[in-house]
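Okay, here's what each chain looks like letter by letter:
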Amino acid sequence: MSNLSNNFIAGDWVKGSSSISNINPSDTNDVIGEYAQANNAQLEDALNSSQIAQKHWAATGLEQRQAVLMKIGEEMMARSAELGELLSREEGKPVAEGKGEIYRAGQFFTYYAAEVLRQSGDTADSVRPNIEIDVRREAMGTVAIISPWNFPTATASWKIAPALAFGNAVIWKPANLTPASAVALTEIIAKQDIPKGLFNLVMGSGSSIGQALAESPKVHAISFTGSYDVGLQIAGAAAKNLTKFQLELGSKNPLVVMDDADIDVAVAAATGGAFGSTGQKCTASSRLVVHASIHDEFVDRMSQSTSALKVGHALHEGTQIGPVASQQQLDSNLKYMSLAKEEGCEIVCGGEKLELDNPGFYMQPALLVGGNNTMRVNREELFAPMSCVIKVADYDEALSVANDTDFGLVSGIITQSLSRASHFRRNAESGCVMVNLPTAGTDYHVPFGGRKNSSFGPREQGSYAKELYTQVKTSYISSGNP
Ligand code: TAP
C-alpha cells in the first residue's frame, strides 16, 4: 500500500497486520496517510529487544546519552514549523499552536539532556563502624508510554525524554487519532546512535495493543495520559504485575473571578483558558466561578470575546479555533450542549455545529450561564469548547465551589487582593494553581500533575520525573583496614 507508515520495532521499520487511515479533522477529504497497526507478536518483539537494549543504554557514557537527547531536541526545535503543520493537520489545533507544541516538545529533550549530567545520589555513614553507605538511582528497565491525541507530541516527549535520560528503554503506544506526529518523532529518535530496540513505536488501538502493553510483565513502569476510565484499566493491569505506574487524567478546572479582578485580565484568561486548543485540554477552564457583583459585566465581555473567535481550518491564516478532533468528539460535545439546556443552563453564545467550506468537525465555542455546580455539565469532563459561568456570592463560596469536584488538576483565581490570592493558593485542592493567569499554560522545568481523580503516582516533568523513571538502590560498603 502506498503512503503507508510503519511501526519501529527492535530497530527496524515493520509493517503491521492491518492499517488505519489518518483523516484531517479540518477537511475530511484530506487523507494524511495510512498507518500500520502492530500485532501482539510484534509487541513481544519490541518488549524482548528492549530488555537487551536497555542494559547497553544504561551502560553508555553519560555524555553520549546527553548528546543523543540534545540532538533530538534541537532537531525538533529547528523543524517546529514543518512538524507543527503536520501536527495541526492531523489534530486540528491552529498551526501556531501546533508549531509551539513541537518547539516545547524539543525543549523537554534539551532539558532532560542536561538532567543526564545532574544525576547524583547520597552518601551516609553506617550506624555500624567502618561501613559507608551509597544511595543511588538506577533505571527502571523498560517503560511503557501511552499517550493521548490532544497534545500528541508534547505529552509523549515529556515522558520519552526523562525515560531515556534516566537510562530506560521505551515502548510507545501513541493515540491512533494522531499517528503522523508519532511517526515524525520516531524518525528523529530512530536516526540517533542508540542500541537497536531501545526505542519502539507500536501503533494500534488502545483496547488491543495498549491493553496488551499495560498487561505485560516485561514492562517495569507505565506512564499514561488519557481519560479517567482508561486510567482505571491501566491501574488494574499494572497492579496485577506490581508494575510501577503513573496516571495523568482528566479534570474540571475552575477559574475564579473575584469582584476586585482586573476585568481585562479575567476575560483574556477565561477566553484563552476555556477555548484554546478547542477546549480539548486537560487544563481547560471549563468552570468560570464568578462573583455576583461582577457577573453581568463579565458575561457581557466574555460573550463578545467568545463570539469573536474565528473558527476555521487549522492551517488557514487567521484561524483561532480549529475543528474538534473527531466525529466522535463532536457528537459528544453536541450531546453535552443538549444536556446543558435540559439541566437549565442558558446559552449566551455558540454551541452549534458549523458548516464551513471544508467538510470538518467544526463547532462554535459556547458560553453557558445560569448553571450550578451540581449539574453534570459542571461535574464531568467535556473536553469541548464549552465553558459554564457559575455565579457565587463571595470568596468563601467561590473557594468551596472551586474545590467541589472529583478532579484536581488546575485551579485559577483572578483577583487584585494579595490576601485572597494567597489564601486561594494554599487552599485550592489541585496540583497546580494559577493567580491572574489562565488555567492552561505550564512550564517544563517544574512538576506538573493533579490531585483526586486527575492524577495518580509520581509527578511528571522537571527533576520530579525521576521518581517514576528510576528506582533507589542502597549499598553498604565495608572497606576493611588499610
Ligand atoms: P483515552 O481514550 O483515555 O486514550 C489515551 C490513550 O490510551 C490512547 O493512546 C488510547 O489509544 C489508549 N488506550 C485506550 N484504551 C486503552 C486500554 N484499554 N489500555 C491501554 N491503552 C488504552 O484519552 P484520549 O481521548 O486520547 O485523551 C483525552 C483524555 O486525556 C482526556 O480525559 C484528557 O483530560 C486527558 N488528558 C490529560 C492530560 C493530563 S496531563 N492530565 C493531558 C492530555 C489529555 P487509542 O486512542 O489509540 O485507542
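Thresholds, definitions, all that
- Residues numbered from 1 in each chain as written.
- Predicted model: local features only at pLDDT ≥ 70, side-chain atom pairs only at ≥ 80, totals over all residues.
- Heavy atoms only, no water.
- Phe/Tyr/Trp six-rings, centres within 6.5 Å; stacked < 30°, edge-to-face > 60°.
- Buried < 20%, exposed > 50% of the residue type's maximum accessible area, 1.4 Å probe, protein only.
- Helix = DSSP H or I, 4+ residues; strand = E, 2+ residues; numbered from the N terminus.
- Lys, Arg positive; Asp, Glu negative; His and termini not counted.
- Salt bridge = Lys/Arg side-chain N within 4 Å of Asp/Glu carboxyl O.
- Polar contact = N/O pair within 3.5 Å; in protein donor to acceptor, adjacent residues only side chain to side chain.
- Contact = heavy atoms within 4.5 Å.
- Pairing = 2+ DSSP bridges.
- Right-handed = clockwise from strand over helix to strand, strands pointing away.
- Near = heavy atom within 4 Å.
- Nonpolar A, V, L, I, M, F, W, Y, C, P; charged D, E, K, R; others polar.

(A) The packing of aromatic side chains, seen in detail. Applying the stated criterion to the full structure yields 9 aromatic pairs. Aromatic pair Tyr-111 and Tyr-112: ring centres 4.9 Å apart, planes at 90 degrees, arrangement edge-to-face. Neither residue differs from the other here; Tyr-111 and Tyr-112 are each classed as buried. Plain terms: the ring middles of Trp-158 and Phe-448 are 5.9 Å apart, the flat faces sit at 70 degrees to each other, and that makes the pair edge-to-face.

(B) Representation of the side chain of Lys-252. Relative to the helices and strands, Lys-252 is located in the loop between strand S12 (244-248) and strand S13 (253-257). At 8.0 Å, Glu-381 is the nearest oppositely charged side chain to Lys-252, a buried residue that forms no salt bridge. There is a polar contact of 2.8 Å between the side chain of Lys-252 and the backbone oxygen of Val-377. In this structure, Lys-252 is in contact with Ser-286, Arg-287, Val-377, Asn-378, Arg-379, Glu-380, Glu-381, Leu-382, Thr-405 and Phe-407, ignoring residues within four places of it in sequence.

(C) Here's a closer look at unusual backbone geometry. For Leu-242, which is not glycine, the phi torsion reads 50 degrees and is therefore positive. Looking at the element boundaries, Leu-242 is found in the loop between helix H8 (228-241) and S12. For Asn-436, which is not glycine, the phi torsion reads 55 degrees and is therefore positive. As for its position among the elements, Asn-436 is in the loop between strand S21 (432-435) and strand S22 (455-456). On the basis of relative accessibility, which here comes to 33%, the residue Asn-436 falls in the partly exposed class.

(D) Structural detail: the pattern of salt bridges. Across all of its chains, the model carries 19 salt bridges by this definition. Taking the shortest distance from any N to any O, the salt bridge between Lys-218 and Glu-44 comes out at 2.5 Å. Of the two residues, Lys-218 is situated in the loop between helix H7 (206-215) and strand S11 (221-225) and Glu-44 in helix H1 (residues 40-58); the sequence distance between them amounts to 174 residues. Lys-218 sits in the partly exposed class, given a relative accessible area of 29%. Glu-380 is the partner of Arg-376 in a salt bridge, and the nearest nitrogen-oxygen pair spans 2.6 Å. In this structure Glu-380 comes out as partly exposed when scored by relative accessible area, which is 26%. Through salt bridges with shared partners, one network takes in Glu-75, Arg-79, Glu-82 and Lys-191.

(E) Highlighting the pairing of S11. In terms of residue burial, S11 counts as a mostly covered element, since 5 of its 5 residues are buried. Covered by surrounding structure in S11 are Ala-221, Ser-223 and Thr-225 together with Ile-222 and Phe-224, the residues of both alternating faces. By the bridge criterion, 4 bridges tie strand S8 (residues 142-146) to S11 in an arrangement that is parallel. Bridging from a neighbouring strand, Ala-144 pairs with Ile-222 of S11. Looking at chain direction, S11 and S12 are connected through 5 bridges and run parallel. When the bridges of S12 are listed, Ser-223 appears paired with Gln-246. Viewed along the sheet, the connection from S11 through H8 into S12 turns out right-handed.

(F) Structural context of the site of the ligand. In the vicinity of the ligand there are 31 residues, among which Lys-173, Asn-176, Gln-211, Ser-227 and Glu-381 approach most closely. Ser-227 places a side-chain nitrogen or oxygen 2.6 Å from an oxygen atom of the ligand. Between the ligand and Leu-249 there is a distance of 2.7 Å, counted from a nitrogen atom to a backbone nitrogen or oxygen. Sorting the residues of the shell around the ligand by element identifies H7, S11 and H8 as the ones contributing at least two each. Residue composition of the shell around the ligand, by class: 14 nonpolar, 14 polar and 3 charged.

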